2 protein chains.
Amino acid sequence: MRAAPTPNEMLQLDKQLCFAVYSTSLAMTRLYKPLLEKLGLTYPQYLVMLALWEEDGPTVSALGERLSLDSGTLTPLLKRLEASGLVARLRDVADERRVHITLTAEGRKLKAKAANVPACLLAASECSIDELVQLTRQLQTLRDRVKAAA
Amino acid sequence: MRAAPTPNEMLQLDKQLCFAVYSTSLAMTRLYKPLLEKLGLTYPQYLVMLALWEEDGPTVSALGERLSLDSGTLTPLLKRLEASGLVARLRDVADERRVHITLTAEGRKLKAKAANVPACLLAASECSIDELVQLTRQLQTLRDRVKAAA
DNA sequence: GGCAATTACATTGCACACAATTTAATTGCA
DNA sequence: TGCAATTAAATTGTGTGCAATGTAATTGCC
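Criteria and thresholds
- Residues numbered from 1 in each chain as written.
- Chains lettered and ligands numbered in written order.
- Predicted model: local features only at pLDDT ≥ 70, side-chain atom pairs only at ≥ 80, totals over all residues.
- Heavy atoms only, no water.
- Least-squares fit on C-alpha atoms with pLDDT ≥ 70 in both.
- Contact = heavy atoms within 4.5 Å.
- Near = heavy atom within 4 Å.
- Polar contact = N/O pair within 3.5 Å; in protein donor to acceptor, adjacent residues only side chain to side chain.
- Helix = DSSP H or I, 4+ residues; strand = E, 2+ residues; numbered from the N terminus.
- Buried area = accessible area lost by both parts, 1.4 Å probe.
- Salt bridge = Lys/Arg side-chain N within 4 Å of Asp/Glu carboxyl O.
- Buried < 20%, exposed > 50% of the residue type's maximum accessible area, 1.4 Å probe, protein only.
- Pairing = 2+ DSSP bridges.
- Arc of directions from axis to C-beta.
- Core = buried A, V, L, I, M, F, W, Y, C linked by side-chain atoms within 4.5 Å.
- Phe/Tyr/Trp six-rings, centres within 6.5 Å; stacked < 30°, edge-to-face > 60°.

A.B. asks: Explain the relation of the copies chain B and chain A here, please?
C.D. replies: Each of the two chain copies can be generated from the other by rotation about an axis followed by a shift along it. Overlaying chain B on chain A yields an RMSD of 0.0 Å, the required transformation being a rotation through 180° with an accompanying axial translation of 0.0 Å. Such values leave the two copies arranged in the relation of a two-fold axis. Most of the interface of chain B is mirrored in chain A, where 100% of its interface residues are also at the interface.

Written out as structure tokens, the structure is:
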């Protein structure tokens, strides 16, 4: 039977898990940076576009709910996407407080150009699709539990 | 036999894996925020302190190598830790270009106060330690491969 | 109908992250 | 030895991330 971990061992593990998630996220951002630059997107902007390609026209808060980002982050990001001509920000006619984010023709066209981006991560990971699906599921579970605890 | 994924399916998976890593990292930051606030630390500062508690006195670039962060990120962060009285920034006598980061007495004392932080993540995750160790290893492998490919 | 409470988004201020540039110290080589 | 090339940090500028606050529209309750 294994002894209970000491506080020191816990800090070690914590360092490893926290840091593993943190540094993987930064490493993926760096991997994608040169690819996304060609599309004129940053990594968070790419995540927003992925969400919009799946479902067009959400309000700012619906998008924030999905990405768990607040208006302080999204408002300036969306203004930059608007300035790039990829999305439009339209006030809801029925409720003028709401702002709907809709893809422009150019924004929709970008989806085709982005189609080859994921292959890069797949290749870099040296994993099968099934392994990546598996890892994704584990992370989603961890994230949802962490969110529930916060 | 499963058909090869379409570009659309690839974008779906990409969205899910990228987003899973990204959102888990943000969720962990948010979980720790109230705990770390009591210690007077931000999440990246906590990761730096974890590194220093393991090995005191590295140069800025050695620390950057370990955390894969550059001086543009570390310099201001370390100045804030210095301003909080947790670390000292000392020029190397032999090579004045180098700056060593060393813990102050207060910085070393903080380790004891941080000892209870990891338990929070362990509880939130609803996982066994072995499961977390397993997930950590997978992430480290993915991160190292992504870093090698970048 | 009138008005306080709520809601949706925008703004401000602070702390990363990182590319690009600058500054200062050291190295290496003719 | 002298000086170009290299190295280590620091600085600058842009883009998130988020708490706290502000503003305008809507709702709910009397």
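Now, onward.
A.B. asks: Would you take a moment to explain the protein's contact with DNA strand D for this structure?
C.D. replies: In the vicinity of DNA strand D there are 30 residues, among which Thr42 and Gln45 of chain A together with Tyr22, Arg30 and Arg89 of chain B approach most closely. The protein-proximal atoms of DNA strand D, defined as those within 4 Å of the protein, are 75% sugar or phosphate. Here Arg89 of chain B contributes a side-chain N or O atom positioned 2.5 Å from a phosphate oxygen of DNA strand D. Of all the secondary structure elements, the ones that give two or more residues to the surface near DNA strand D are helix 2 (43-54) and helix 4 (71-83) of chain A together with helix 1 (7-39), helix 3 (60-67), helix 4 (71-83) and strand 1 (87-91) of chain B.

A.B. asks: How should the interface of chain B and chain A be read in this particular structure?
C.D. replies: For interface size, the figure often reported is the accessible area lost on association. With 64 residues of chain B at the interface, the matching set in chain A holds 65 residues. For the pair chain B and chain A, the summed buried area comes to about 6300 Å², and 71% of that belongs to carbon and sulfur atoms. Where chain B touches chain A, the interface holds two salt bridges. Taking the shortest distance from any N to any O, the salt bridge between Glu126 of chain A and Arg145 of chain B comes out at 3.7 Å. The tally of links between chain B and chain A comes to 10 residue pairs in polar contact (both at pLDDT 80 or more). Within the residue set of the side of chain B that touches chain A, elements represented by two or more residues are helix 1, helix 2 (43-54), helix 3, helix 5 (105-114), helix 6 (117-125) and helix 7 (129-149) of chain B.

A.B. asks: Help me understand the pairing of strand 2 (residues 99-103) of chain A in this model?
C.D. replies: Remember that side chains alternate between the two faces of the sheet whenever the strand is regular. Residues and elements named next belong to chain A. Across the two faces of strand 2 the burial differs, with Val99, Ile101 and Leu103 buried and His100 and Thr102 not buried at all. When strand 1 (residues 87-91) meets strand 2, the two strands line up antiparallel, connected through five bridges. In the strand pairing of strand 2, Ala88 is matched with Thr102.

A.B. asks: What exactly am I supposed to notice about the protein's contact with DNA strand C here?
C.D. replies: Looking at DNA strand C, there are 29 residues lining it, with Tyr22, Arg30, Ser61, Thr75 and Arg89 of chain A nearest. Each atom of DNA strand C within 4 Å of the protein was assigned to sugar, phosphate or base; sugar and phosphate come to 76%. Separating a phosphate oxygen of DNA strand C from a side-chain N or O atom of Ser61 of chain A is a distance of 2.6 Å. Ala94 of chain B has a polar backbone atom sitting 3.3 Å from a phosphate oxygen of DNA strand C. For the surface near DNA strand C, the secondary structure elements donating two or more residues are helix 1 (7-39), helix 3 (60-67) and helix 4 of chain A together with helix 2 and helix 4 of chain B.

A.B. asks: Sorry if this is basic, but what is going on with helix 3 of chain B here?
C.D. replies: Residue and element names in this part refer to chain B. When helix 3 is considered as a whole, its buried residues turn out to be Val60, Leu63, Gly64 and Leu67. Buried residues of helix 3, viewed axially, fall in a sector of 100°; they line one side. Opposite its buried face, helix 3 presents the exposed residues Ser61 and Glu65, each directed more than 90 degrees away. Positive backbone phi, at 40°, marks Ser68, one or two positions downstream of helix 3.

A.B. asks: Before we go on, may I ask you to explain the nonpolar core in this structure?
C.D. replies: Within soluble globular proteins, side chains that are nonpolar generally end up buried alongside one another. Counting residues in hydrophobic clusters, the biggest one holds 91 residues, and the most contacted among them are Met49 of chain A together with Met49 of chain B. With 13 residues, helix 1 of chain A is the largest single contributor of residues to this core. Look past the residues within four positions of Met49 of chain B in its chain and what remains in contact with it is Leu41, Leu81, Leu86, Val87, Leu103, Gly107 and Leu110 of chain B.

A.B. asks: Before we go on, may I ask you to explain the pattern of salt bridges in this structure?
C.D. replies: Where charged atoms of side chains with opposite charge meet at close range, the side chains can pair. Residue and element names in this part refer to chain A. The full count for this structure, using the stated rule, is 16 salt bridges over all chains. For Arg66, the salt bridge goes to Glu54, with nearest N and O atoms at 2.7 Å. Of this pair, Arg66 sits in helix 3 while Glu54 sits in helix 2, and the two are 12 residues apart along the sequence. By relative accessible area, Arg66 is classed as partly exposed at 32%. When salt bridges that share partners are traced, they join Glu54, Glu55 and Arg66 into one network.

A.B. asks: So what exactly am I meant to see when it comes to the packing of aromatic side chains here?
C.D. replies: In this description, an aromatic ring pair is defined by two values, namely the gap between the centres and the angle between the planes. A full pass over the atoms with the stated rule returns eight aromatic pairs over all chains. For the pair Tyr22 of chain A and Tyr43 of chain B, a centre-to-centre distance of 6.1 Å together with 70° between the ring planes defines the contact as edge-to-face. Here Tyr22 of chain A, found in helix 1, pairs with Tyr43 of chain B, found in helix 2, and the two come from separate chains. Under the relative-accessibility criterion, Tyr43 of chain B is labelled buried at 5%. Between Tyr32 of chain A and Tyr46 of chain A the ring centres are 5.8 Å apart and the planes differ by 85°, which places this aromatic pair in the edge-to-face class. Remark: Tyr46 of chain A occurs in helix 2 and Tyr32 of chain A occurs in helix 1; sequence separation between them is 14 residues. An identical accessibility class is assigned to Tyr32 of chain A and Tyr46 of chain A; each is buried. The structure contains a cluster of three or more aromatic residues connected by ring pairs, namely Phe19 and Tyr22 of chain A together with Tyr32, Tyr43 and Tyr46 of chain B.

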